[in-house]
Amino acid sequence: MTTTSTVLRDRNARLCLTGVVISAFGTSALWLASGVWVKDLTGSDGLAALCMLALWAPTLAGPLLGTLADRTRRKPLLICANLLLAALLLTLLTVDSPDRLWLLFAVLFVYGAAGVVHDAAESALVAGAIPAPLLGDFNGLRMTATEGMKLLAPLAGAGVYAAYGGASVALLDALTFVVATGLYAALRVRESRPGPPSGGWRAQTAEGARHLWSHPRLRPLVLAGGATMLFAGLSGAMIYAVVDGLGHPPAYAGVLYAVQGAGSVAVGLLSGRALRRLGERRFAAYGIALTAVGAGLRAIPSDPVALVCSAAIGAGLPCVLIAALTAVQRETPLALLGRTAATANTLVFTPNVIGLAAGAALVELADVRLLLAVLGLAWPAAALPLLHSPASSARTAPRSPSDANPA
């Protein structure tokens, strides 16, 4: 029996993955439609771009928001977060003119904040509800599901928007959260109520960062993930210059992104086995090296090379993300896992925004082929610390069997 089949035979894993697929479909559909919606109402590219900013900005408060996932039981928190988002999305049915756009931006901001809490609580709940040997396989399948929805949902969202308008996309997303609520409610887990907090919010928030920084296996993985996403932002900002160098219209970027997504789907299916064979550090390092090669060779103005490079980037980029999340889940006590996972996500994904901004400036100042070549040479440096074994091993605090176990 394959490990994928083993994961899918586990009831809790199957329910969680189904919830991920449904939620990712709605989120990806809304992500595209919200920008088009604002553009149609205002004609402003800048305001349309603010939709992504509203969704991403709460990530900066990840350590603080993640603390909430450790202050209460995770399953009820996930159910409440999904119902809250479903209710908020219904308010977008009233957005029909530019003077109502403030409501759209407010909902997107809360959507992003709730998403941070949701991801932290889900990571912690999964770590307790799914057998530890299956975590790598589960996280790989989760990546496959998320990337697969990124390929399908934007097209579906665009179709719904074109036919029925932005309010219909919001309604569709609200329905996905209602369905996800039912799936999380069906999980069979036992959770004890968290003990009294050991300090104020600031002290509790700092515990997650302190755990990451002091752990000899987690720190290099999270730092490598942040460096990788910084370089990914730089590379992503050059995609339209690459398309221009190939002699294609800007829409051809969609082809490259689709191939990249297919690479991510493929590696997600293989990641569990690769993690067991290589370990988190080498799996992440090899993925970073593959991504760097793909980014550097994009400097060659050739369609076949560009397509192969996109597939390589898609296959390599998720490796460090899957490895870091799996390591955090395995090496962190459950009582601390919500804020630790949220802190790790902030440290890994915030540099991507910085890279996008820096890349947008650099692509106007220098030849893109030179920039890509330099990027391809510099990027592997992020993998070097992962090729050295940690000098010491930190012993993970034992998890209470009653904290979160399958019923």
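Check the entry above for the structure.
All figures in this text were calculated on a predicted structure; none of them were measured in a lab.

A. Structural context of the nonpolar core. Judged by nonpolar contacts, the single largest core of 42 residues is most densely connected at Leu221, Phe283, Ile288, Val328, Trp379 and Leu386. At the level of secondary structure, the elements contributing two or more residues to this core comprise α6 (101–129), α10 (218–236), α12 (253–297), α13 (303–331) and α14 (334–362). Looking at this core, the element that brings in the most residues is α13, giving eleven residues. With residues up to four places along the chain from it excluded, the contact list for Trp379 reads Thr228, Phe231, Ala232, Ser235, Ile288, Thr291, Ala292, Ala295 and Leu317. Core analysis: the second largest hydrophobic core is formed by 27 residues, Ala86, Leu103, Ala170 and Phe177 among them.

B. Inspection of the environment of Ala342 at higher detail. For Ala342, the location among the structural elements is in helix α14. Considering only alpha carbons, one finds Ala342 and Thr67, 275 residues apart in sequence, at a separation of 8.2 Å. Leave out the neighbours within four places in its chain, and Ala342 touches Gly62, Pro63, Gly66 and Ala120.

C. Local environment of the packing of aromatic side chains. The final tally for this structure, using the stated rule, is two aromatic pairs. With a centroid separation of 5.6 Å and an interplanar angle of 35°, the aromatic rings of Phe231 and Trp379 are classed as tilted. In this pair, Phe231 is assigned in helix α10 and Trp379 in the loop between α15 (368–378) and β2 (404–406), connecting sequence segments 148 residues apart. By relative accessible area, which is 17% here, Phe231 ends up buried. Its end group placed over the ring of Trp213, Arg219 keeps NZ or CZ at 5.4 Å from the ring centre.

D. Representation of the pattern of salt bridges. For the structure shown, the criterion picks out nine salt bridges. Between Arg330 and Glu280 there is a salt bridge, with the nearest N and O atoms lying 3.1 Å from each other. A residue pair is termed long-range when its members are at least 10 positions apart, and Arg330 in helix α13 and Glu280 in helix α12 qualify at 50 residues. Residue Arg330 is classed as partly exposed on the basis of its relative accessible area, which comes to 29%.

E. Seen up close, helix α2 (residues 11–42). The end-to-end C-alpha separation of α2 is 47 Å, in line with the 46 Å expected for 32 residues at 1.5 Å each. The N-terminus of α2 is capped by Asp10, whose side-chain oxygen sits 3.2 Å from the backbone nitrogen of Asn12.

F. Region of the structure containing the packing of α2 against α6. In contact at an axis separation of 12 Å, α2 and α6 are set at 165° when each is read in the N-to-C sense. Regarding the angle of α2 to α6, the classification is roughly antiparallel. Crossing angle aside, the handedness with which α2 passes α6 is left-handed. In this structure, α2 uses Asn12, Cys16, Val20, Gly26, Thr27, Leu30, Ser34, Trp37, Val38, Leu41 and Thr42 to contact α6, whose residues at the interface are Leu101, Leu104, Phe105, Leu108, Tyr111, Glu122, Val126 and Ala129.

G. Quick look at the environment of Phe177. Considering the arrangement of structural elements, one finds Phe177 in helix α8 (residues 166–185). Taking C-alpha positions, Phe177 is 5.7 Å from Ala86, a pair spaced 91 residues apart along the chain. Among all residues touching Phe177, those that are not within four sequence positions of it are Ser23, Thr27, Asn82, Leu85, Ala86, Leu89 and Tyr111.

Conventions used here
Residues numbered from 1 in each chain as written. Predicted model: local features only at pLDDT ≥ 70, side-chain atom pairs only at ≥ 80, totals over all residues. Heavy atoms only, no water. Core = buried A, V, L, I, M, F, W, Y, C linked by side-chain atoms within 4.5 Å. Buried < 20%, exposed > 50% of the residue type's maximum accessible area, 1.4 Å probe, protein only. Helix = DSSP H or I, 4+ residues; strand = E, 2+ residues; numbered from the N terminus. Contact = heavy atoms within 4.5 Å. Phe/Tyr/Trp six-rings, centres within 6.5 Å; stacked < 30°, edge-to-face > 60°. Lys NZ or Arg CZ within 6 Å of the ring centre and 35° of its normal. Salt bridge = Lys/Arg side-chain N within 4 Å of Asp/Glu carboxyl O. Expected span 1.5 Å × (residues − 1). Polar contact = N/O pair within 3.5 Å; in protein donor to acceptor, adjacent residues only side chain to side chain. Axes fitted to C-alpha atoms, helices over the stretch in contact; angles between N-to-C directions. Parallel < 35°, antiparallel > 145°, perpendicular 65-115°, else oblique. Left-handed = near helix turned anticlockwise from the far one by under 90°.

Don't take any of this as a statement about function, it's just geometry.
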